[in-house]
Amino acid sequence: MIWNILFLFLIQQSSTSTLEVDFFGVDRVKGHLMIELADGEGQAIQQKKHVISEKGTQRVVFEELKEGTYTIRAYWDENSNGKLDKGFFGEPTEKYGFSNDARGTFGPPDLQDQRFKVVGLTKTSIRLK
């Protein structure tokens, strides 16, 4: 009995994953990265606000995730107003990006283009444009 409980505990412990995401395109020390991690269906799981403390690549880590399929959407909130600023015609005026560097034609990309698997330690990157 005790061995069964220990075995189940070890299986649970080993099934969590870590996701490291590198964001490229930050060329000024200004504002925040606003990041949303979602499941494979696009439902938000976690949100992070990452302070830009230096120019260059920004690494954000999500820990203790279940293995599975995820998506990420993020934007660089340069003026720290808590929203993605848009121009007259609704086009973003701040840099943004999606997992797999997916891009949509007129709006966000399809979920199928954003999905990626997280297993163990998983590393990915997003170029903010």
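Attention in this report is confined to the structure presented alongside it. Nothing here was measured: the structure is a model prediction, and the numbers come from that model. (Residues numbered from 1 in each chain as written. Predicted model: local features only at pLDDT ≥ 70, side-chain atom pairs only at ≥ 80, totals over all residues. Heavy atoms only, no water.)

### Section: the nonpolar core
Test applied: Only buried residues count toward a nonpolar core, which is a set of Ala, Val, Leu, Ile, Met, Phe, Trp, Tyr and Cys residues joined through side-chain atoms within 4.5 Å. Summary of the burial criterion: residues with accessible area below 20% of their type's maximum are buried, those above 50% are exposed, and those between are partly exposed, where the area comes from a 1.4 Å probe applied to protein chains only. Helix and strand assignments come from DSSP, with helices taken as H or I runs of at least 4 residues and strands as E runs of at least 2, each series counted from the N terminus. Contact definition: two residues touch when any of their heavy atoms are within 4.5 Å.
Within the largest apolar cluster, 19 residues are counted, with the highest numbers of intra-cluster contacts made by L19, F23, I35, F62 and I72. Elements with a contribution of two residues or more to this core: strand 1 (16–24), strand 2 (32–39), strand 4 (58–66), strand 5 (68–77) and strand 7 (116–118). Residue contributions to this core peak at 4 residues, all from strand 5. With near-sequence residues (within four places) excluded, L19 lies in contact with L37, V60, V61, F62, L65, I72, F116, V118, T122 and T124.

### Let's talk about the layout of surface pockets
In plain terms, the rule: The method works on a 1 Å grid over the protein atoms by themselves. A cavity is a set of points holding a 1.4 Å probe that cannot get out, a pocket is an open set with protein on both sides within 12 Å along at least five of seven lines, and residues with an atom within 4 Å of a point line them. Grid points are joined across faces, edges and corners, and a volume is the space filled by probe spheres set on the points. In the scheme used here, Gly and all other residues not listed as nonpolar or charged are polar, with Ala, Val, Leu, Ile, Met, Phe, Trp, Tyr, Cys and Pro taken as nonpolar and Asp, Glu, Lys and Arg as charged.
Counted as a void, the largest pocket has a volume near 450 Å³. The wall of the largest pocket is formed by 23 residues, among which L84, P92, Y96, F98 and P108 lie closest to the centre. At the level of elements, strand 2, strand 3 (44–51), strand 5 and strand 6 (96–98) are the ones that each hand at least two residues to the lining of the largest pocket. In terms of residue class, the lining of the largest pocket is made up of 11 nonpolar, 6 polar and 6 charged.

### Description of unusual backbone geometry
Even without a glycine there, the phi angle at S80 is positive, about 55°. Relative to the helices and strands, S80 is located in the loop between strand 5 and strand 6. A positive phi is found at D101, a non-glycine position, where the angle reads about 50°.

### A short note on the pattern of salt bridges
Here the idea is simple: oppositely charged side chains can pair when their charged atoms come close. What counts is decided by this rule: In the sections that follow, a salt bridge refers to a side-chain nitrogen of Lys or Arg positioned within 4 Å of a carboxyl oxygen of Asp or Glu.
The final tally for this structure, using the stated rule, is 7 salt bridges. A salt bridge links R28 to D27, with the shortest nitrogen-to-oxygen separation between them at 3.3 Å. Its relative accessible area of 38% is what places R28 among the partly exposed residues. For R28, the salt bridge identified is with E78, shortest N-O distance 2.1 Å.

### Here we look at the sheet that holds strand 1
Using the following cut-off: Strand pairing is assigned whenever DSSP identifies at least 2 bridges connecting the two strands. Angular values range over 0 to 180 degrees, each being the angle between N-to-C directions of two axes fitted as lines to C-alpha atoms, with helices fitted over their stretch in contact.
Ordered in space as 4-1-8, the 3 strands form an open sheet in which the pairing is mixed. Sheet topology places strand 4 and strand 8 (121–127) at the edges, where each strand pairs with a single neighbour. Neighbour-to-neighbour, the strand axes of the sheet open up by a mean angle of 20°, direction not taken into account. For strand 1 and strand 8, the ladder comprises 7 bridges, and the chain directions are parallel. Note that in strand 8 the partner of F24 across the bridge is R127.

### Brief notes about the side chain of E94
As a reminder of what qualifies: This count recognises Lys and Arg as positive and Asp and Glu as negative, with His and chain-terminal groups excluded. Any pair of nitrogen or oxygen atoms within 3.5 Å is treated as a polar contact; in protein, a donor-acceptor pairing is required on top of that, and neighbouring residues in sequence qualify only through side-chain atoms on both sides.
Here E94 lies in the loop between strand 5 and strand 6. No salt bridge forms around the buried E94; measuring N to O, its nearest opposite-charge neighbour K30 is 8.1 Å away. Only 3.0 Å separates the side chain of E94 from the backbone nitrogen of E78, close enough to count as a polar contact. Within the structure, E94 has its side chain in polar contact with the backbone nitrogen of D85 (distance 3.0 Å). For E94, the contacting residues outside a window of four places in its chain are Y75, W76, D77, E78, N79, K83, L84, D85 and K129.

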